[in-house]
2 protein chains.
Amino acid sequence: MRRKHTQPVFIGGVQVGGGAPVVVQSMTNTDTRDVRKTVRQVRRLARAGCEIVRVAVPDEEAAQALRAIRKAGRLPLIADIHFQHGLALAAIHQGVDAIRINPGNLARDKIRRIAKAAGEAGIPIRIGINAGSLEKDLLSKHGGPHASALVESALRHIDVLRQAGFDAIKVSLKSSDVLTTLAAYREMSARSDCPLHLGVTEAGTEVQAAVKSSLGIGMLLAEGIGDTIRVSATGDPVREMPIAYGILRALGIRRRGVEIISCPTCGRCEIDLMTLSTRMEKALAGCTTPLKVALMGCVVNGPGEAAEADVGIAGGRGFGFLFRKGKVIRKVPEAEFVAVLLTEIDALASRGCA
Amino acid sequence: MRRKHTQPVFIGGVQVGGGAPVVVQSMTNTDTRDVRKTVRQVRRLARAGCEIVRVAVPDEEAAQALRAIRKAGRLPLIADIHFQHGLALAAIHQGVDAIRINPGNLARDKIRRIAKAAGEAGIPIRIGINAGSLEKDLLSKHGGPHASALVESALRHIDVLRQAGFDAIKVSLKSSDVLTTLAAYREMSARSDCPLHLGVTEAGTEVQAAVKSSLGIGMLLAEGIGDTIRVSATGDPVREMPIAYGILRALGIRRRGVEIISCPTCGRCEIDLMTLSTRMEKALAGCTTPLKVALMGCVVNGPGEAAEADVGIAGGRGFGFLFRKGKVIRKVPEAEFVAVLLTEIDALASRGCA
């Protein structure tokens, strides 16, 4: 699939846009002032595939914690700033790799001062437009937080930054509404070559967030739009990673970790597939090698689908047939499914999974 | 959005295709021979929004249970047949509302006999193509279970049915691969006016199934393709319903039940939003009235987003502001969030939710 060309920016060592692979990012939900807790979450995010992490900077104490978090967390760090431009300046002083501002919450002269400091530090700024905090004049001009209002707000603030001589700009246009999200990014992509950070905000808890993010992020990626993505789900941000990589994998954009193909089960299913799937999912959560593992409840579609997978089980009554790259290896008792599959996967995975 | 025109079929009282609303269906995973258990699951599915239900018919005893399941379950019933055409005939005799055949598993003369019986009973047939059980000649012609092979198999069997004078045909083209699914349905939609049943098969456990189904089903719906949908997730089929309606709601196609907008939480969050979201989600699972409820962790984006919602809470430190249709009502202590919101929602919901 052809991706829309954008001007690259660099966040720490990570290129965003300009033909780079789509970057997966997240945001901590710990108290930023608590360095130990925040670093622990950053490391868990990194292990789960997060490549850039953002932290909220609500006050001066949080800003002062950034250097330590960045050093110990070992991921490029973005400081998230809403109201006080002084916190952006403090964050830049602490050596963060990028600043995210919500320009709806900052006066223009303050934005210019942030641009000056970021320019001197050589780090990019994300203009993070949010439907929940648009400028009042745009809300009344466009009749509400519609796509066109989000885009006009972004273009306006790109201008503010460019007039201040600042060019390393990334843009997001977030709404909790999927159709608004799609329309806004499509228009933005047509009107600007800034790299785009995709996301649907306030998407809800895990399953609903997976639905809204898959649609809002995935449909744009499928059109070649988007340079970095963030799945928002209420709860532990580590759980965003399987959703993010699930979207990228399903669209053939990036592959990371094991894809489990498991049937929905029906009245024909004679093995405990739900337990098997859940156990395999847990056991393989840390595996980064792209592999396809099939767990099939019966012989109807099992062998056919398992033949497409790197390794698979097609279950019968208390036993199953183990497949490897399309070839039946042997019959396995149900009690040994997990152990046998993990041994197979470990042999296939370059860095080891089981 | 304009929907692709298809020839309608009728499953019990439910129209599929021909301009009807997109129908949500599912499949039981109980032992079909166990009438009580199956009926209980059918009723749970119906309460959760399922409009048509399919059951596996692996043997004669399962076929004989269909009349009782249909009567007590009170949902249009589709019998799922794979290998034995005799089971299809028995199911039709039991009064089912439609038959699903996997033609890869049935000889042509047997398919003709099913068509004759279905025609006499006045019920439709779904040609359910599955990448896992394609005809061998098509696999070798197309070099694997690719989109074009799925479409050719479907067109071939539409011909078999039409030559037998049978016309009430619905088609599905299932693969566990999202890109194959998209390509197959797009080609099918361009080449046929049969109503299409959308789904990604063997999609995995709940969250990954939500990702793959949102992409595979949602992108097609957004293009106007698809007349009925089935989300496949390993486990309790009732959990497919929030995913199905989540997709339809996000795309503005159908609205059912409460949409919870909750922020991902960050270092600024001062209330226990995860617990609040989970409790609200559970309490509102049975509500069918389309409402938008916002649960926001802080004052930064909270008031703006909550203003878009029918009702919402924007949390501070141990308290929150209750909003109703954009207007602040009052300050509420955190301990009373759930009770206060449920009272508000109950007043807004036509049939009562709390």
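No experiment lies behind these values; they were computed from the predicted model shown. Sequence positions are assigned chain by chain, starting from 1 and proceeding in written order. Chain letters and ligand numbers both follow the written order, the letters beginning at A and the numbers at 1. At least 70 in pLDDT is required for a residue's local features to be given in this predicted model, at least 80 for side-chain atom pairs to be given and counted, and no such filter applies to totals for whole chains, interfaces and linings, which use all residues. Side-chain calculation: all heavy atoms of the structure are included, whereas hydrogens and water are not.

Further remarks concern the packing of aromatic side chains. Working definition: a ring pair exists when centres of Phe, Tyr or Trp rings (six-membered ring for Trp) sit within 6.5 Å. Plane angles under 30 degrees give stacked, over 60 give edge-to-face, the rest tilted. One pass over the structure, following the stated rule, counts 2 aromatic pairs over all chains. Considering the side-chain rings of B:F319 and B:F321, the 5.7 Å spacing of their centres and the 85° angle between planes classify their relative orientation as edge-to-face. Seen from the ring of A:Y245, A:R256 lies directly overhead, with NZ or CZ sitting 5.4 Å from the centre. Charge over a ring is defined by NZ of Lys or CZ of Arg lying within 6 Å of the ring centre and within 35 degrees of the ring normal. Looking at A:K331, its charged tip hangs above the ring of A:F319, at a distance of 4.3 Å from the centre.

Glancing now at the side chain of A:D80. Residues and elements named next belong to chain A. In this text, helices come from DSSP runs of H or I with a minimum length of four residues, and strands from runs of E with a minimum of two, each type numbered from the N-terminal end. Here D80 is to be found in strand β5 (residues 77-81). What makes D80 buried here is its relative accessible area of 0%. A distance of 3.3 Å separates polar atoms of two side chains, one belonging to D80 and the other to H82. Here's how the labels work: a residue is buried when its accessible area is under 20% of the maximum for its type, exposed when over 50%, partly exposed in between, all with a 1.4 Å probe on protein chains only. Residues adjacent in sequence count toward polar contacts only when both atoms are side-chain atoms; beyond that, a polar contact is any pair of N or O atoms within 3.5 Å, and within protein one must be able to donate a hydrogen and the other to accept it.

With that settled, consider the sheet that holds strand β4 (residues 52-56) of chain B. Residues and elements named next belong to chain B. On the basis of which strands lie adjacent, the open sheet formed by 8 strands has the order β8-β7-β6-β5-β4-β3-β10-β9 and parallel pairing. Whereas interior strands pair on both sides, the edge strands pair on one side only; in this sheet they are β8 (169-174) and β9 (197-198). Two strands pair under a simple rule: DSSP has to find at least two bridges between them. Here 4 bridges tie β4 to strand β5 (residues 77-81), and the two strands are oriented parallel to one another. Counted as the bridge partner of R54 is I78 from β5. Seen against the sheet, helix α10 (residues 240-250) touches β3 (23-27) and β10 (228-229) and runs at an angle of roughly 160° to β3. Any two residues whose heavy atoms approach within 4.5 Å at even a single point are treated as in contact. Axis lines are fitted to C-alpha atoms, over the contacting stretch for helices. Their N-to-C directions set the angle, which ranges from 0 to 180 degrees.

This part is about the relation of the copies chain B and chain A. We superpose the copies by least squares over the C-alpha atoms of residues that have a pLDDT of at least 70 in both of them. Take chain B, turn it by 180°, move it 0.0 Å along the axis, and it overlays chain A with an RMSD of 0.0 Å. Given the turn and translation reported, the copies of this chain are related as if by a two-fold rotation axis. In this assembly, 100% of the residues forming the interface of chain B have copies in chain A that are likewise at the interface, indicating an isologous arrangement.

Residue and element names in this part refer to chain A. Spatially, 5 strands are ordered β11-β12-β13-β14-β15 in an open sheet, and the strand pairing comes out mixed. The open sheet has two free edges, formed respectively by β11 (258-262) and β15 (327-333), since each of these has just one partner strand. Taking each pair of neighbouring strands and ignoring which way they run, the sheet shows an average axis angle of 20°. Strands in contact with helix α11 (residues 273-283) are β11 and β12 (291-296); relative to β12, the strand with the most contacts, it is inclined by about 160°.

Residue and element names in this part refer to chain B. Bridging between strand β13 (residues 311-315) and strand β14 (residues 319-324) involves 5 bridges; their strand directions are antiparallel. Considered in β14, the bridge of G312 is made with F323. Connecting β13 to the next strand, β14, in antiparallel fashion are 3 residues, including G318 with a positive phi near 80°. With 6 bridges joining them, β14 and strand β15 (residues 327-333) adopt antiparallel strand pairing. Looking across to β15, one finds that G320 is bridged to V332.

A word on the packing of helix α8 (residues 178-191) of chain A against helix α9 (residues 206-222) of chain A. All names here are of chain A. Running from amino to carboxyl end, α8 crosses α9 at an angle of 20°, the nearest separation of the two axes being 9 Å. Judged on the interaxial angle alone, α9 and α8 are roughly parallel. In this structure, α8 crosses over α9, and the sense of that crossing is right-handed. Residue-level inspection shows V178, T181, L182, Y185 and R186 of α8 in contact with α9, the latter providing K212, L215, G216, M219 and L220. Along the lines of polarity and charge, the residues of the contact of α8 with α9 split into 6 nonpolar, 2 polar and 2 charged. When describing relative orientation, an angle under 35 degrees is termed roughly parallel and one over 145 degrees roughly antiparallel, while 65 to 115 degrees is termed roughly perpendicular and anything else oblique. Here a crossing is taken to be left-handed if its near helix is turned anticlockwise relative to the far helix by less than a right angle, and right-handed if that turn runs clockwise. In the scheme used here, Gly and all other residues not listed as nonpolar or charged are polar, with Ala, Val, Leu, Ile, Met, Phe, Trp, Tyr, Cys and Pro taken as nonpolar and Asp, Glu, Lys and Arg as charged.

Our next topic: the interface of chain B and chain A. Taken together, the contact between chain B and chain A spans 71 residues of the former and 71 residues of the latter. Carbon and sulfur atoms supply 59% of the area buried between chain B and chain A, which totals about 5500 Å² over both sides. Every case where a carboxyl oxygen of Asp or Glu lies within 4 Å of a side-chain nitrogen of Lys or Arg is listed as a salt bridge. Along the contact surface separating chain B from chain A lie 2 salt bridges. Of the charged contacts in the structure, one is a salt bridge between B:E259 and A:K212, with a shortest N-O distance of 2.7 Å. Connecting chain B to chain A are 11 residue pairs in polar contact (both at pLDDT 80 or more). Looking at which element gives the most residues to the side of chain B that touches chain A, the answer is helix α9 (residues 206-222) of chain B, with 11 residues. Throughout, the accessible surface (probe 1.4 Å) given up by two parts as they are put together, summed over both, is called the buried area.

What follows covers the pairing of strand β4 (residues 52-56) of chain A. Residues and elements named next belong to chain A. In terms of burial, β4 is largely enclosed, as 5 of its 5 residues are buried. Where strand β3 (residues 23-27) lies against β4, 3 bridges are found, and the strand directions are parallel. Residue pairing for β4: M27 is matched across the bridge by R54. For a crossover, the right-handed case is the one in which the path from the first strand over the helix to the second runs clockwise, viewed with the strands pointing away from the viewer. Since β3 and β4 lie parallel, the crossover through helix α1 (residues 35-47) that links them has a hand, and here it is right-handed.

Before going further, it helps to examine the domain arrangement of chain A. Domain start and stop points were drawn from an automatic or database domain assignment. When cut into domains, chain A gives domain 1 (9-250) and domain 2 (258-350). The gap between the C-alpha centroids of domain 1 of chain A and domain 2 of chain A is 38 Å.

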